[in-house]
Amino acid sequence: MSKLIEKTIEEKVVYKGSFLELHKDEVMLPNETLGTREYLHHPGAVAILVIDNDNNIYLEKQYRYPMKEVIYEIPAGKLEGK
């Protein structure tokens with residue numbers, strides 16, 4: 001299992017917003033070459049799947065800016081206080 005582990009060489013916060021951080025880290029890969037890892041740090045979220053007695057699944061309709069359209073999704077939201 002340890003053959004899969006990547007070692008962090010440098011950690012860098014590229015962007016820090018009101019609740020998201022964008023990271024770009026340099027890592028040493030298991031084959032001893034350097035790699036880059038980009039990821040978002042998010043405070044966490046929760047989602048619920050509502051199914052009634054007739055096995056209907058309930059979705060909400062919501063506009064999502066990154067997609068520039070209205071989509072159907074399960075109810076969800078970010079965790080408060082983080």
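Residues numbered from 1 in each chain as written. Predicted model: local features only at pLDDT ≥ 70, side-chain atom pairs only at ≥ 80, totals over all residues. Heavy atoms only, no water.

Below, the discussion takes up the side chain of His23. Summarising the element assignment, His23 is placed in strand S3 (residues 21-28). A relative accessible area of 11% means that His23 is categorised as buried. Reaching out from His23, the side chain makes a polar contact with the side chain of Glu21 at a distance of 3.0 Å. Excluding anything up to four places from it in sequence, His23 contacts Lys12, Val13, Val14, Arg37, Glu38, Tyr39 and His41. (Helix = DSSP H or I, 4+ residues; strand = E, 2+ residues; numbered from the N terminus. Buried < 20%, exposed > 50% of the residue type's maximum accessible area, 1.4 Å probe, protein only. Polar contact = N/O pair within 3.5 Å; in protein donor to acceptor, adjacent residues only side chain to side chain. Contact = heavy atoms within 4.5 Å.)

Further remarks concern the pairing of strand S9 (residues 69-73). For strand S8 (residues 60-64) and S9, the ladder comprises 5 bridges, and the chain directions are antiparallel. Bridge pairing in S9 links Gln62 to Ile71. A loop of 4 residues connects S8 with S9, the two strands running antiparallel in sequence, and Lys68 in this loop sits at a positive phi of about 55°. (Pairing = 2+ DSSP bridges.)

The next subject is unusual backbone geometry. Note: most residues except glycine have negative phi, and most peptide bonds are trans. Positive phi values are uncommon outside glycine, yet Glu32 reaches one of about 70°. Of note, Glu32 is situated in the loop between S3 and strand S4 (34-41). Of the residues examined, Glu32 reaches a relative accessible area of 67% and is grouped as exposed. Unlike most non-glycine residues, Asn55 shows phi in positive territory, near 65°.

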